[in-house]
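If you want the building blocks of each chain, they are given just below.
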Amino acid sequence: MRIHVIFWGLLWACAGLRAQPVAPVVLDATALVQRAYAMGLDRHPQWLRLLHASAKTGVSDVVSPEFYVKPDSDHHAHSELRETLVALLEPMGVNAARHARCRFPARHLWLARQLNFDTGTIPDVRCQALNTWRDGHPVQTVSLLLVSGYFGNPASTFGHALLRFGSDRSQGGNSLLDVSLNFGALVPEDVNMLSYIYKGVFGGYQAGFSDKDFYANDLVYSRTENRDMWSYDLNLTPAQVQLLALHVWEISGQKFDYYFLNKNCAWRLADLIDLALDQALRPEDSPWFLPVEYFHRLEALNEAASVLLRPAQFIPSYERALVSRLGALNESNLALFEQQVRNHAVDLDDKTAKLPSLERLALFDALLAYYTWKAPGGDSSILDPVVVGAKKRVMLARLQYPAQAASPVAETLIPSPATGSPPMLWAGGLRAPPGGAPTVMLEWSPVSYEAGGHHGIEGGQMSVADLRMQINAQGDAELDALTVLKIRKLHARRPNIPGEDGMSWQVDIAWQQEGDVGMTTLRPHAAYGLGYAHQFAAQGWQGFGLLNVGVIGAPSAAYLEPLVGALWRAGPWSAAIELRKRFEDNAVVHLSSGVFNLHYRWGHVYAVKLEASFNDRPSLGLFWQWYQ
Amino acid sequence: MAKNGFRSLSIAAGMALALLGGSAQARDFGSIYTECGLGALIAPKTAWVAVVTNITWDLGSTAISSDLSTADSCKGGKEKVAAFVFQSVAQLETDIARGEGEHLAAVSSLAGCSATNTQVSFGNGLRSEFSQVLANPAYESGNRMEKASMLFDSVQNSATAAQCGI
C-alpha cells in the first residue's frame, strides 16, 4: 500500500509530529527503558493497541514472528517495550529495511512522543520501502466503511467493516483509487462448508490485514455481492492520521488467529480506530462482536465528541443503483428495457432513434448498467454468450452518440444500520390470554432484528439465540420459545429488475410452546421458506407471501406452511402482521396462527411493543424493550 | 492445494504470454501481469495477499505471483493502469461506451490525463479506439485477461495521443 499524508511535509515542520523534544534526553537505552517502565508505558492502552495485546494478559494476538523485534519474542507487551526501545536506538547499519525504525515506525513515533527522545525524522529517511509506500497516495480522509450483511457466505451474514484512506477530492482524487485496508481469514479454496463454519467459530484459520486499492474491494462488495456500504469519515488530526498510517505499515500482512464470533474484522479494525482516536470503544473482552456494534459505539461517541466529519455517507450497491436507474425511466422506456433484457435482441437503433436525446441516453445507461450488473467480472469465457453479445450491441449503439451524461438519477438514501437499534435485545413485559391472569415475560437475544423493529435492516428479520421465558403467578419459570436462528430476507424493491425472480426466503429453527393453556408442549421445528415480497406505492408499506417447508417434533411430522404478512413503518412507529396455517402430515387439525406487533421507538435503544397473538393460545402482551 | 494452484497458474501464465506475445507495446499487459501478479499490483505491501488474490479472486484466467511483489518494475503508472483495467473490465467498457463514469475518470487519472482538455481528448480517443476493439470478434469471445489486454492497449494509445503523462 502506498500512503502519503499530503500534509506530511507540513507536519515535519510542526511541533509534536516529528517528536521534537523540549529538552532532548540522553539516548541511553537502559535509562530509557527504565523510564518507560516507571511511566507504566508497558501497560499503557496505546502501547497495548500498537501491539494488539490484551489489557488483561499483556500478550499480543499477532502470531507472525516478524511483528516482534526478535522472532523468539514471548509476545508480551512488557518485554516488547524493552526490545523495541533498545532496537530503536541501535545504529541503522547497512540493512536499513530491517532496522526497528523502519519496521516499527508507529511504535517509534508513539514512544518518542511519550519519552521525549529524538532519533531524527519519523519515519527515518533511510527507510526506503516505507517512504516509497507512503508516497504513493495522498491521504486526505480516513473512513471506516460498514458493509451490509451478505447471506451468500456465513461469515458475511452480520456485515463487514473495512478502512479507506481517501485522497484529496479537490485535487482530482478518485475514490476508486483510494487505498483500503481489510481484515479477513485466510481460507483455502474449495473448503468444506461444515469445516469452514467449525474452524471459523472455534479456531483453525489465520487472518490478517491486507492493503488493497479500493476498486478491488468495490468490485467484490458492491458489484459482485451487491452490498450497500456506509462511509464513516473520521475527524482525525494530522497527528492521528500519521500514527494510524504508520501502524498500518507495521501491521499489514501480519497474521492473527481468526475467530468469526469475536476476533473478526470488526474487532481488528476497531483496534486501529481506537488507536487513532485514543479511545476504548471496543470491549476488552466479549464472546461476540458484530461489525455494527462498533459503529453504534462510534455514533454514540460522535454525539459527545464529534469524532466524525459528517453523518455516515450511503454508498449504494451496484444493484441498488441499477434499480434507481430503472425507477427513472418512463413507462414506455421501461417496457422497452424489459423487452430487451428478456430476449436480448431488440433493434435498438430503430427503437431509440425517435426518442428525445436524454431519454435515449437514460435507456442506454440503464441497459449498460443492467448488463454490467449481470456480469461484473466481464469474462466472456464464463458468461452466457447471449448476454455478452447483447451488451456488445448496446455498447455499439451507445458509442454512436456523443459522450454525454444522462440526467442524474436520484438515489434513495438508506440510513446506516448503526442509526437503528443496536442488536442485543433485553425485554420484559406482561402477556395475558383473553380473560386470564397475566404472566411475566422476559426475553433476551444477542442479535434481534425483529420484523417491524427499528434496526435499519431493510425488509428483513434476523434473530439469533432468542430466548423467551414466561413466569406465572406462582413464580414458576418456563421456556416459552427459543429461536436458534431466524433469517428472513425480503426482496421488495420498486421497481423489480425485469427477468429476475427476486425471490424472498427465510430460515427458521426454533423450539416453541404449543397447545392449549395448561397442556402445552415444547416443539422443535426447522423450516425453509420461499416466496415473494412487494413494495407498495404507499410510503412505508411492504407485503409478502412465503411457503415454508419444515419438520417438527413432539410429535414428529413434516409440514407445509403458507404465510402472508405486511410491514408498515412511519417515523418512530412500525407494525408487522403475519398470518399462517400449518399443515402437518399426520395431524387431524391444522394450526392457524397470526401475530400482530406494533412498535414505538424512543431514541436508539428503547421501544415499546404491543403484541397480539392469534393461535391455540391467543394472548395480548405489552413489552418494554431495551437494545444494547 | 496451493501447490496445484500455482501449477495451474503457471500454465495459465505461460498460455497468456504466448497469446499476448505479439503485442506491439514495449511492456504489454501480459508481461506486466505475469511478471508482477495481480495481487502485487493491487496490494504491494502484503505478500500473502498477492498470492491469495491471484488464486481466489480472479474470475477468469489468472497468472502467477512471485516475490516480484516488491519489485520497482511493478510500481509504475503502466502497472497501475494494467491492474485497474484487469479488475474493472466490465465497468470500464460500460463507462467508455457512455463517455463518462467513475471508472473512466479513474483510468484517466491513472493514465496521467489530469488536465481537463487532455481528459476530454483522452475520453474521445478511447471511445474511438474502443469502437474498433468491439468490432474485433476476439474481444467478444475473449476471457477477462484477453479483454483487459486489448483495453489496456486502447488506454495506452489514447493516453499517448492525448499527450497524457502515462
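Keep in mind that this is a model prediction, so the values were computed, not measured. Residue positions are given per chain, counted from 1 along the sequence in the order it is written. Following the order in which they are written, the chains are lettered starting with A and the ligands numbered starting with 1. Selection of residues for local features in this predicted model requires a pLDDT of at least 70, selection of side-chain atom pairs for listing and counting requires 80 or more, and totals for whole chains, interfaces and linings are taken over all residues. Values shown for side chains rest on all heavy atoms present in the structure; no hydrogens or waters enter the calculation.

A. Focus on the interface of chain A and chain B. Facing 53 residues of chain A, the contacting portion of chain B comprises 49 residues. Salt bridges are defined by distance alone: a side-chain nitrogen of Lys or Arg within 4 Å of a carboxyl oxygen of Asp or Glu. On inspection of chain A and its partner chain B, the count reaches four salt bridges. The partner of Glu 93 of chain B in a salt bridge is Lys 391 of chain A, and the shortest N-O contact between them spans 2.9 Å. Any pair of nitrogen or oxygen atoms within 3.5 Å is treated as a polar contact; in protein, a donor-acceptor pairing is required on top of that, and neighbouring residues in sequence qualify only through side-chain atoms on both sides. Connecting chain A to chain B are 14 residue pairs in polar contact (both at pLDDT 80 or more). Under the DSSP-based scheme used, a helix requires at least four consecutive residues in state H or I and a strand at least two consecutive residues in state E, with every element numbered from the N terminus. Of all the elements in the fold, those that place two or more residues in the side of chain A that touches chain B are strand 6 (205–213), helix 9 (214–224), helix 16 (357–374) and helix 17 (385–399) of chain A. For the side of chain A that touches chain B, the element with the most residues is helix 17 of chain A, which contributes eight residues. By the convention adopted, Pro, Cys, Tyr, Trp, Phe, Met, Ile, Leu, Val and Ala count as nonpolar, Lys, Arg, Asp and Glu as charged, and the other residues, Gly among them, as polar. Class assignment of the residues belonging to the side of chain A that touches chain B gives a composition of 24 nonpolar, 15 polar and 14 charged. We call two residues in contact when some of their heavy atoms are within 4.5 Å.

B. A look at the packing of aromatic side chains. Residue and element names in this part refer to chain A. Aromatic pairing here means that ring centres of Phe, Tyr or Trp (its six-membered ring) are within 6.5 Å. Orientation follows from the plane angle: under 30 degrees is stacked, over 60 is edge-to-face, and everything else is tilted. Summed over all chains, the structure comprises 25 aromatic pairs over all chains. Here Phe 183 and Phe 256 contribute two aromatic rings whose centre-to-centre distance is 5.5 Å and whose plane-to-plane angle is 70 degrees, an arrangement assigned as edge-to-face. Of this pair, Phe 183 sits in strand 5 (residues 179–185) while Phe 256 sits in strand 8 (residues 255–258), placing them 73 residues apart in sequence. Working definition: with a 1.4 Å probe on protein chains only, accessible area under 20% of the residue-type maximum means buried, over 50% means exposed, and in between means partly exposed. You can call Phe 183 buried: its relative accessible area is 2%. Of the residues examined, Phe 256 reaches a relative accessible area of 0% and is grouped as buried. Each ring, one from Tyr 370 and one from Trp 373, has its centre 5.9 Å from the other, and the planes form 45 degrees; the classification is tilted. Taken together, the positions of Tyr 370 and Trp 373, both in helix 16 and three residues apart, correspond to about one turn of that helix. Under the relative-accessibility criterion, Trp 373 is labelled buried at 11%. Taken together, the ring pairs in this structure connect Trp 573, Tyr 600, Trp 602, Tyr 606 and Trp 624 into an aromatic cluster. The ring of Phe 104 carries Arg 107 above its face, with NZ or CZ at 3.9 Å from the centroid. Across the ring face of Phe 623, the terminal group of Lys 609 is positioned such that the distance to the ring centre comes to 5.3 Å. Charge-over-ring placement is defined geometrically: NZ (Lys) or CZ (Arg) within 6 Å of the ring centre, and within 35 degrees of the ring normal.

C. Molecular detail of the pattern of salt bridges. Residue and element names in this part refer to chain A. Under the counting rule described, the total for this entry stands at 40 salt bridges over all chains. As a salt-bridge pair, Glu 578 and Arg 580 come within 2.5 Å of each other at their nearest N and O atoms. Judged by its relative accessible area of 16%, Arg 580 is buried. A salt bridge links Glu 584 to Arg 582; the shortest N-O distance between them is 3.0 Å. Arg 582 matches Glu 584 in its accessibility class, with the two residues each being buried.

D. Seen up close, the nonpolar core. Residues and elements named next belong to chain A. Core analysis: the largest hydrophobic core is formed by 91 residues, its most contacted members being Leu 85, Leu 111, Phe 117, Val 142, Leu 144, Leu 163 and Leu 298. Top element by residues in this core is helix 11 (residues 265–277). It accounts for 10 residues. The residues contacting Leu 85, other than those within four sequence positions of it, are Leu 32, Val 33, Ala 36, Leu 111, Leu 115 and Phe 117. We call a set of buried Ala, Val, Leu, Ile, Met, Phe, Trp, Tyr and Cys residues a nonpolar core when their side-chain atoms join them within 4.5 Å.

E. Quick look at the state of the cysteines. All names here are of chain A. Disulfide: a pair of cysteine sulfur atoms within 2.5 Å of each other. On inspection of all chains with the given rule, the structure shows two disulfides over all chains. Each sulfur in the disulfide pair Cys 102 and Cys 127 lies 2.0 Å from the other. One disulfide, between Cys 102 and Cys 127, carries an S-S torsion of -85 degrees and so falls in the left-handed class. With a gap of 25 residues between them, Cys 102 in helix 5 (residues 100–103) and Cys 127 in the loop between helix 6 (105–115) and helix 7 (128–135) connect regions that are remote in the sequence.

F. Local environment of the sheet that holds strand 4 (residues 160–166) of chain A. Residues and elements named next belong to chain A. Across the sheet, seven strands lie side by side as 8-6-5-4-3-7-9; this open sheet has antiparallel pairing. Because the sheet does not close on itself, it has two edges, and the strands there are strand 8 and strand 9 (313–315). If you compare each strand with its neighbour and ignore which way they point, the axes differ by 30 degrees on average. Contacts between helix 11 and the sheet are confined to strand 3 (141–147), strand 4, strand 5, strand 6, strand 7 (229–234) and strand 8, with strand 4 contributing the most and set at about 35 degrees to the helix. Sitting on the sheet, helix 12 (residues 291–305) touches strand 3, strand 4 and strand 7, and the angle it makes with strand 3 is about 135 degrees. Paired strands, as defined in this entry, are two strands with at least two bridges between them according to DSSP. Angular values range over 0 to 180 degrees, each being the angle between N-to-C directions of two axes fitted as lines to C-alpha atoms, with helices fitted over their stretch in contact.

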